[in-house]
Structures are given as C-alpha cells and as structure tokens.
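Spelled out, the chains give:
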Amino acid sequence: MVLAVDPEHLRHAADEVRQAAFDVDELLIRPLSRLGVPGQRTWESAGCLQTAVKAWGEHLARLAADLHRTATNLATVAETFVDAEHAALALVTATV
Amino acid sequence: MSRLTLAEVRSGDPEAYRSAALAWAALAAALDTAAEHLMTGRARVAEAGRGRTVSAATDRLRAQIGGLDRTVRPAQRIAEALLRHADGLAALQCHLDTVLATARTYGLTVDLARGAVTALGPPTGPHQSTVDNLVTELGHILAEARRLDAATATAVAAALGAARPGQGAASVPGPRPPSDPGRPDRATVRSQAGRSPAEVAAWWQSLSAQQREWALRDHPDLVGRLDGIPAADRDRANRAWLDQLIAQTDAPVALRAVRGRLAVTPDAYLLLIDNSGDGRVAVALGDPDHAQHTMVFVPGMGTDLYDIHGEVTRAAALRRVADQTTVVDGDVSVVYWLGYDPPDSLFDAWREGPSRDGGAALTRFVDGLRATHVDGPAGAHVTVLGYSYGSTVVAEGARSGGLRADDIVVVGSPGLHSDHARELNLDPRHVWVGRAATDEIRFVPEPIHGREPADPGYGANRFTTDTSGHSGYWRPGSASLLNQAYIVTGQYDRVTLVHGERPASGWPS
C-alpha cells in the first residue's frame, strides 16, 4: 500500500469544510419564517411553502451538523498522521 | 384545488411573496458558496497525497458536494416561482381594481366573496349586458388567480421533492434525481471550472444538443462563466442569469445598466456577468467564434459595471473602424472584458495584486476564445489591448508566458512590470504602445509599474497618436483610433510609427 499524506493539506481541507458548515449555520441563525409568506393562509401556495420551509429547516440543520462532523474528522485525521509520524520516529530513534 | 375568493385575491400580498422569493434566492446563493468551499476542501484533500484515507475522504466530500449542489437549483426554482406569483398577483389585483372601478361607474355593486354583481335599480337591456361582462371579467380574474396559486404550489412541491431515506445528512429535500438520463447535474457542470478551457470545450462538444439545452436551462450561472463554452451558448446562459439576478438581487441598478446596454447593442454577446464585489462583465461585439480578428479590451482603474455604456461605446467605435478597414464585412469582434477587479483609487493602483489576478483570468479567457473558434485555436488573429491600469493586467498575463495573444496593444499605460518588451514573451515587434503627449499617466513614477513602455529603449513599437489626455485614444476620425484598428486587423504596414519596427506580415499564432 502506497501511503503519502501531507497533514497540512488535510488541515486546510478541514478549514474549508468548516467554512462551508459556517455558511449553512449562517442560514439557520436568521429566522426561517422569512422563507414563507405569512398572512396568506387561504392560498394553497402559501401552505405548500410552509411545508417546504419546515423540510428545508430540518435539512439545513442536518447538513450543518454533518459538515461540522466532516471538518472535525478531517482535522483529527491530520493530527493522527502527525502523531503516527512522531510515534514512528520515536520508535526508530529508540531502537536504532 | 384552490378555493380562493375574489376578496382574498384583492387582499393578497404580492410583497410577501416577493420578499420570500428574495430570501430563497439568498438561500440558494449561500448554499452555492458553501458548495464552493467544499470543492476547495476536496481539492485540498486530493493534494494531500495518496492512500485509502485520502480516497475515502475525497469520496465523502464528493458525496457532500453532490448533496449540497442538489439543493441549490430547487431553492432557485422556488425563488423564481414566488417572483412569478408576486408579479402575477399584482397584475390580477390591478385588473380587479379596474373592473371594480367600472362597476362603480355604472352604479353596480360587487360582492367579492361570491363574485356577484348587482344593480341598484331594475336591470335593463344594455345595463344587463354590462353586468354580464363584469361577471365574466371577475370569473376570468378568479380563474387566473386560482391557476396562478396552483402553479406556484406545484412548483414549490416539485422543488421540494421527496427526501431520499437512508443517505443520512447527505439526503436533501430537493427534487428526485432527474429522470432524464444524461442530464448534467450541478456538480458535473461546476467541476468544469477546474479544467482548462480546451477541456471545457471538449466536454461541451461531447454533450448532445439536448444535454447542452438542459445545462443551459438548469445551470445558467455556472455555464455562463465557463471559459471554453461557445460565445452563442455563453450569451444565452448569461442573459438568462442576468434576468434572474435582476429579479432577485437587492441592488440591481448596475445590472439593469448592463441589460439596458445589451438591449440597444446589436450583435452583442454577453460572455460574463457576475454581481459579486464590484461586479464583472464581458461583452463581445460580433461573434468571436467566427471572427477573423478578435480584440480583447481590458479597462483600467475605477471601472465597474456602471461604466458599461461608455466602455461598450468605445469598443463599438474601435470595431466599426477596424471592420471598415477590412475587405470582409463583420470579420472583427471586439470584446469589452471586465473580468477582474480594478483598483478603485490611485493609492490602490500601486498594488500589483489586481493585475496578477486579472492576468490569470485574462489568460484563461483568451484560451477560451481560442478553444471555441470555429477554425481551431489558431483560426483567429487575437489582439489584447490594455488601457491604463488594464495594461498591467495584460502584462501580467503575458509575463507568465500563458497569454496567447498575437498582438499586444497598450494605451495610456503606467508601465508593464518589465524592463523590455521581450519580457512579455512575444516578438517585441508585436508589442504596440500608444501614448498621447499630454497623457497624465506619464507622471506615474517608473518604479511603480516598471519602465516607461513608450521609451524607445523599452523595445516596443510606439504608434502615432493625435489625441490628447488620458482618455482620448478612441476619438472618432483620429489617427490614434485608426492605428489601433490596423493593428487589430493585422495590417501592420499601415500603422504609422513614432519608433520601432513593424512585423513583416501575418500574425504569429
């Protein structure tokens, strides 16, 4: 198995994914009600829109959480590679 | 089925729909931005190295980009449907007010809950026909309102689609995957931005006519900014996107100026439109994919979307004169290219960042023109003209060695970030400098942007100018303008020089 990884790139990737998560967070900070049309109860379209707003709100929350998780995992992977390198180096220097 | 009454049509609030539409458009834009960050993240992972971890992470991010991309277009569609609803409702209310005013004129009363029209007095012959007409009109208005409501509801429901279970957070409340096989999805179109214009052109050619139509219709914002897409298709995409931007953005004045200019400019192709930051735009006068001679005009400091009218007028003057000097009518295309963010002030103009970024974008744009020309990459004679600070953008593109221009023209240049014309990676005989004696740009100290390009020692051809000041180079009937026209059309022997050496003939593609 060929293994060659630069943790710095993974850290940068984690930052980008985190930024994407923040972009979605930003959407959730503002009230989702702005996506609907309040006061138009008799309109079928308004009702449909309300359903859409609810579904999108739930989806955006899941999406933000998923992106944050990916960002954290990428950052952890980067540090894992660094730790592995340090541990390997320590082993080599202790045994050679 | 909608059970609206006329009373509800009258009390409906178009502004509520319009406001919601803007919110959905903003949501779509934010999701698009998030997807861009993920794209960059995926690229970083790919650069991180090799191994199963990298592969798995890349796959994971690809899935998330796809999931995010699938939400953008549905959100845009909801925004479009709500805007149509707002406009339609406002028009119906206007119509209804007219009918009610007519009824009042005839002394009739209208029951908006039932849609009934009643006369105060006993109905007579002509009076009864008026009542009948009004009832018919009211019926039409109500039917149209119900149709509008149902159409909007259907559009919203279609965009909502069905969540696909079992895919965790990557599943989206967007539409089901298109049932049309081969329909380009957003992630596919978006990924083209990372490829060379020649590769983009090859990809576009590989699509069927139906697939190209889908891409243009579904993702005009992405297709329109791809270098390597033919001018006619880019124009279609960008005009559609411009209409959407004007309908959805909060500050559309500059965009309206662009649309207004296009409306009065025949044979124009909108090759780029972007309202982020100060905005970017490119307009070709004449089809660059079929022209024998194409000139790309790069403007200078302080230019933004609001300047579209004057800049396109300038480009049109140059095209007209250049075209008149050739045998074949319509074989010259002039592109006004504001594809970079010019500095806003003299202080900012000292910085080289905008010219470096602009130079890279310009190089890519010219590659795109070459990739889509009907006679192949060397089929057209391409001249790049930089005006004022724009000349530093041209210089940066040329110094990198990537700018595939046959001739470079600079007018009113403060310097070209170089000591000699050969540093532009072009035979110096194809580097042309126009400098009016009274151009204030001569007061820019040499260390800022490099050696004075109008000096004989710089090694470029300095052509004759008979205009004054910094902005007179395109005065109708002037030698300044005519000389540029001769260069653009490769008629080098007709250019009058202050100093330098004309190339023999032809162009070095």
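Rules of the game
Residues numbered from 1 in each chain as written. Chains lettered and ligands numbered in written order. Predicted model: local features only at pLDDT ≥ 70, side-chain atom pairs only at ≥ 80, totals over all residues. Heavy atoms only, no water. Helix = DSSP H or I, 4+ residues; strand = E, 2+ residues; numbered from the N terminus. Buried < 20%, exposed > 50% of the residue type's maximum accessible area, 1.4 Å probe, protein only. Contact = heavy atoms within 4.5 Å. Areas by Shrake-Rupley, 256 points an atom, 1.4 Å probe, with all protein chains shown as cover. Lys, Arg positive; Asp, Glu negative; His and termini not counted. Charge placed at Lys NZ, Arg CZ, Asp CG, Glu CD. pLDDT = per-residue confidence, 0-100. Expected span 1.5 Å × (residues − 1). Polar contact = N/O pair within 3.5 Å; in protein donor to acceptor, adjacent residues only side chain to side chain. Buried area = accessible area lost by both parts, 1.4 Å probe. Salt bridge = Lys/Arg side-chain N within 4 Å of Asp/Glu carboxyl O. Core = buried A, V, L, I, M, F, W, Y, C linked by side-chain atoms within 4.5 Å. Pairing = 2+ DSSP bridges. Axes fitted to C-alpha atoms, helices over the stretch in contact; angles between N-to-C directions. 1 Å grid on protein atoms, 1.4 Å probe; cavity = no way out; pocket = protein on both sides within 12 Å on 5 of 7 lines; lining within 4 Å. Points joined across faces, edges and corners; volume = space filled by probe spheres on them. Patch = residues over 30% accessible without salt bridge, like charges linked within 9 Å, V, L, I, M, F, W, Y side chains within 5 Å.

All right, on to the overall build of chain B then. A tally of helices and strands in chain B yields 15 helices and 12 strands. For chain B, the spread of C-alpha atoms along the three principal axes comes to 95 × 70 × 45 Å. Per-residue burial for chain B yields a buried fraction of 55% across its 509 residues. Of all intrachain contacts in chain B linking residues separated by at least 6 positions in sequence, the fraction that spans at least 24 positions is 69%. For chain B, the accessible area works out to roughly 20,700 Å², and carbon and sulfur atoms hold 53% of it. Of the charged side chains in chain B, 51 are positive and 59 negative; the average position of the first set lies 5 Å away from that of the second.

Predicted coordinates in areas of low pLDDT are best not read in detail. Residue and element names in this part refer to chain B. Summing up the model confidence of chain B, the mean pLDDT is 87 and the portion of residues at 70 or higher is 91%. This stretch, residues 162–177, has a pLDDT under 50; its non-local contacts, to residues over four places away or in other chains, come to 40 contacts. As scored by the predictor, the complex reaches a pTM of 0.73 and an ipTM of 0.88.

Moving on: helix α1 (residues 7–29) of chain A. An ideal rise of 1.5 Å per residue puts 33 Å on 23 residues; α1 of chain A measures up with 32 Å between its terminal C-alpha atoms. Taken as a whole, α1 of chain A has its buried residues at P7, L10, A13, A14, V17, A20, A21, D23, V24 and L27 of chain A. Of the surrounding secondary structure, the elements contacted by the buried residues of α1 of chain A are β1 (4–5) and α2 (44–95) of chain A together with α2 (14–47) and α3 (52–105) of chain B. Looking at where α1 of chain A begins, the residue whose side-chain oxygen comes 2.9 Å from the main-chain nitrogen of E8 of chain A is D6 of chain A.

Turning our attention to the interface of chain A and chain B. Many analyses report the size of an interface as the accessible area lost when the parts associate. With 44 residues of chain A at the contact, the number on the chain B side is 57 residues. Carbon and sulfur atoms make up 71% of the area that chain A and chain B hide from each other, which totals about 4,100 Å². Scanning the region where chain A abuts chain B turns up one salt bridge. Of the charged contacts, one joins D66 of chain A and R60 of chain B as a salt bridge, the two residues approaching to 2.7 Å between their closest N and O atoms. Along the contact surface separating chain A from chain B lie 11 residue pairs in polar contact (both at pLDDT 80 or more).

Within the largest apolar cluster, 79 residues are counted, with the highest numbers of intra-cluster contacts made by V281, V296, L362 and V384 of chain B. Discounting chain neighbours no more than four positions away, the residues touching V384 of chain B are V296, V298, L362, V366, V394, L403, A405, D407, I408 and V409 of chain B. Counting residues in hydrophobic clusters, the runner-up holds 76 residues, among them L60 of chain A together with W24, L92 and V156 of chain B.

Now for the side chain of Q76 of chain B. Along the chain, the position of Q76 of chain B falls in helix α3. Taking relative accessible area as the criterion, Q76 of chain B reaches 5% and is therefore assigned buried.

Residue and element names in this part refer to chain B. The strand order β4-β5-β7-β6-β8-β9-β10-β11-β12 describes an open sheet built from nine strands, whose pairing is mixed. Every other strand in the sheet has two partners, leaving β4 (268–274) and β12 (497–499) as the edge strands with one partner each. Going across the sheet, the axis of each strand differs from the next one's by a mean of 20 degrees, ignoring polarity. In terms of strand pairing, strand β5 (residues 280–285) meets strand β7 (residues 332–338) through five bridges, oriented antiparallel. Its bridge partner lying in β7, V281 is registered against L338. Where helix α10 (residues 253–263) meets the sheet, its contacts fall on β4 and β5, and the angle it forms with β4 comes to roughly 170 degrees. Contacting β4, β5, β6 (293–298), β7 and β8 (381–387), helix α12 (residues 353–372) runs over the sheet at an angle of about 160 degrees to β6.

With that out of the way, let us pick up the layout of surface pockets. Residue and element names in this part refer to chain B. Quantified by volume, the largest pocket comes out at close to 1,400 Å³. What lines the largest pocket is a set of 42 residues, among which E36, D221, R225, D274 and S276 lie closest to the centre. When residues of the lining of the largest pocket are traced back to their parent elements, those giving at least two are α2, α3, α5 (186–191), α8 (220–223), α9 (231–248), β4 and α12. The leading source of residues in the lining of the largest pocket is α2, at 10 residues.

Residues and elements named next belong to chain B. All told, the structure shown has 32 salt bridges over all chains when counted by the stated rule. Among the ionic pairs, R399 bridges to E396, the shortest N-O distance being 3.1 Å. You can see R399 and its partner E396 sitting in helix α13 (residues 390–399), three residues apart, about one turn around the helix. A relative accessible area of 12% means that E396 is categorised as buried.

Bringing empty space enclosed by the protein into the picture now. Residues and elements named next belong to chain B. Applying the stated criterion across every chain, the model contains three cavities of 30 Å³ or more. For the largest cavity, the calculated volume is near 50 Å³. Lining the largest cavity we find G228, I229, A231, R234, L271, P288, D289, F365, G368, L369 and T372. Elements with a contribution of two residues or more to the lining of the largest cavity: α9 and α12. A total of four residues in the lining of the largest cavity trace back to one element, the largest contributor, which is α12. One number sums up the size of the second largest cavity: a volume of about 40 Å³. Taken together, P288, T294, L369, R370, H373, G376, P377, A380 and V382 form the lining of the second largest cavity.

Let's shift gears to a negative patch on the surface. All names here are of chain B. Together, D278, D341, D344 and D357 make up a negatively charged patch on the protein surface. With respect to the helices, strands and loops of the structure, D344 is situated in the loop between β7 and α12. The class for D344 is exposed, based on a relative accessible area of 53%.

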